[in-house]
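Given next are the chains, with one letter for each unit.
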Amino acid sequence: MKYVALTIAAAAVALTGCGQGGSAGNADGKELVVGFSQIGSESGWRTAETNAAQAAADQRKVDLRISDAQQRQENQIKAIRAFIAQGVDGILVAPVVATGWDQVLREAKAANIPVILVDRQIETSDPNLYLSAVTSDQVLEGRTAGEWLVKTVGGKDCSVVELQGTVGSSPAIARKKGFDEAIGKASNIKTVVSQSGDFTRAKAKEVMESAIKSLGNAKICAVYAHNDDMMIGAIQAMKEAGLRPGKDVLTVSIDAVPDIFKAMADGEANATVELTPEMAGPALDMLIAYKKDGKAPPKWHQTPTKLFLPDTAAAEYERRKTLY
């Protein structure tokens, strides 16, 4: 499956036969033309989402135009405006942060182009500015991680290092909220460091190195990361400091990417909460149905949440490694 990276300049080129407010088809025989403003490729999960989106579009004969925003909201806004200028049939957006979308969404609505959010929600003064959202329950993801830690620790005192996602992003906000709700019921568990690793391995490794230096090896009971890639970075930092992640320090993170299953199979990680990358398929189905009959879909399509432990890690790694 190919990852079509659409630059902002290329996005501004009008599509042949694609008028304002949508088209009936294009020269390639595709039924719909859809723009996808993707955050970037900051993690293995993000790349899998992009690949899954392209596969879902191919299966549905949709001409999907993907723009990589390189984790910058201004690039996403430029891409959305370019899609509007092209007169695409619909726009998918994986918003890098939760706020600051109302104006460009008003522009899409004025052009009669429906917008569907994928993977992340936004904060808006007018929910009617977008058609629907396909996301997980990110508060539930954090709560699931926290409940696992509470159960695993029992009554033992436990100091937690939390690696947050991108500041201001809906997953970072929600996954922290859910985790805090869960451990708030256990007075023996306290978050002693909570800092953004920006959803990347390199940044998370730096944050973990700093936490180990400030707290000391013996004072860290567990690490909670808002995504698996940050946990992989943290695992590397722990190993370099002489700690045994998965044994000396408990780990729980979110996404369920292949590398975390490999770490669990190797005894270096303890738990992950799945976030499926299969977001675009349901979004495209909604858009196709909406363009056909004009009936608005439900405002939220919730994807499943599941906890995985080491007992199935080896099998899950083999099953998933070809998907990412």
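Look a little higher up for the structure.
Structural notes, computed from the coordinates.

The rules behind these values
- Residues numbered from 1 in each chain as written.
- Predicted model: local features only at pLDDT ≥ 70, side-chain atom pairs only at ≥ 80, totals over all residues.
- Heavy atoms only, no water.
- Helix = DSSP H or I, 4+ residues; strand = E, 2+ residues; numbered from the N terminus.
- Rg over C-alpha atoms; globule rule 2.2 N^0.38 Å.
- Buried < 20%, exposed > 50% of the residue type's maximum accessible area, 1.4 Å probe, protein only.
- Areas by Shrake-Rupley, 256 points an atom, 1.4 Å probe, with all protein chains shown as cover.
- Lys, Arg positive; Asp, Glu negative; His and termini not counted.
- Charge placed at Lys NZ, Arg CZ, Asp CG, Glu CD.
- Core = buried A, V, L, I, M, F, W, Y, C linked by side-chain atoms within 4.5 Å.
- Contact = heavy atoms within 4.5 Å.
- Pairing = 2+ DSSP bridges.
- Axes fitted to C-alpha atoms, helices over the stretch in contact; angles between N-to-C directions.
- 1 Å grid on protein atoms, 1.4 Å probe; cavity = no way out; pocket = protein on both sides within 12 Å on 5 of 7 lines; lining within 4 Å.
- Points joined across faces, edges and corners; volume = space filled by probe spheres on them.
- Nonpolar A, V, L, I, M, F, W, Y, C, P; charged D, E, K, R; others polar.

**Points about the overall build of the protein**
Along its length, the protein carries eleven helices and twelve strands. Expected size for 324 residues packed as a compact globule is a radius of gyration near 20 Å; at 21 Å, the protein falls within 12% of this value. Its C-alpha atoms give the protein principal-axis dimensions of about 65 × 40 × 35 Å. Counting every position in the protein, which comprises 324 residues, the buried fraction comes to 55%. Here the protein has roughly 13,300 Å² of accessible surface; of this, 51% comes from carbon and sulfur atoms. In the protein, the 37 positive side-chain charges and the 39 negative ones have mean positions that sit 1 Å from each other.

**Observations concerning the nonpolar core**
With 29 residues, the main nonpolar core has Val161, Leu163, Met208, Val223 and Met238 as its most contacted residues. Every element with two or more residues in this core is listed here: strand E6 (158-164), helix H7 (201-215), strand E8 (222-225), helix H8 (228-240) and helix H9 (258-265). Counting residues per element, this core draws most heavily on H8, at seven residues. If near-sequence neighbours (up to four positions away) are discounted, Met238 is found in contact with Met208, Ile212, Val223, Leu243, Pro245, Val249 and Thr251. One finds Val34, Ala53, Ala56 and Leu64 within the second-largest nonpolar core, a separate group that totals 27 residues.

**A look at the sheet that holds strand E11 (residues 300-302)**
Through backbone hydrogen bonds, the strands of a sheet pair up, either in parallel or in antiparallel fashion. The strand order across the open sheet formed by six strands is E2-E1-E3-E4-E5-E11, and the pairing between neighbours is parallel. Each edge of the open sheet carries a strand with a single partner, namely strand E2 (62-68) and E11. Averaged over all neighbouring strand pairs, the angle between strand axes comes to 20 degrees, with direction disregarded. Sheet strands touched by helix H2 (residues 44-59): strand E1 (32-38), E2 and strand E4 (115-118). Its angle to E2, the strand with the most contacts, is close to 160 degrees.

**Considerations on the layout of surface pockets**
Think of a ball as big as a water molecule: rolled over the atoms, this probe shows where empty space is left. The computed volume of the largest pocket comes to approximately 260 Å³. If you go around the largest pocket, you meet 18 residues; those closest to its centre are Ala52, Thr276, Pro277, Glu278 and Leu323. Within the residue set of the lining of the largest pocket, elements represented by two or more residues are H2, helix H10 (280-293) and helix H11 (313-320). Top element by residues in the lining of the largest pocket is H2. It accounts for six residues. In terms of residue class, the lining of the largest pocket is built from nine nonpolar, four polar and five charged.

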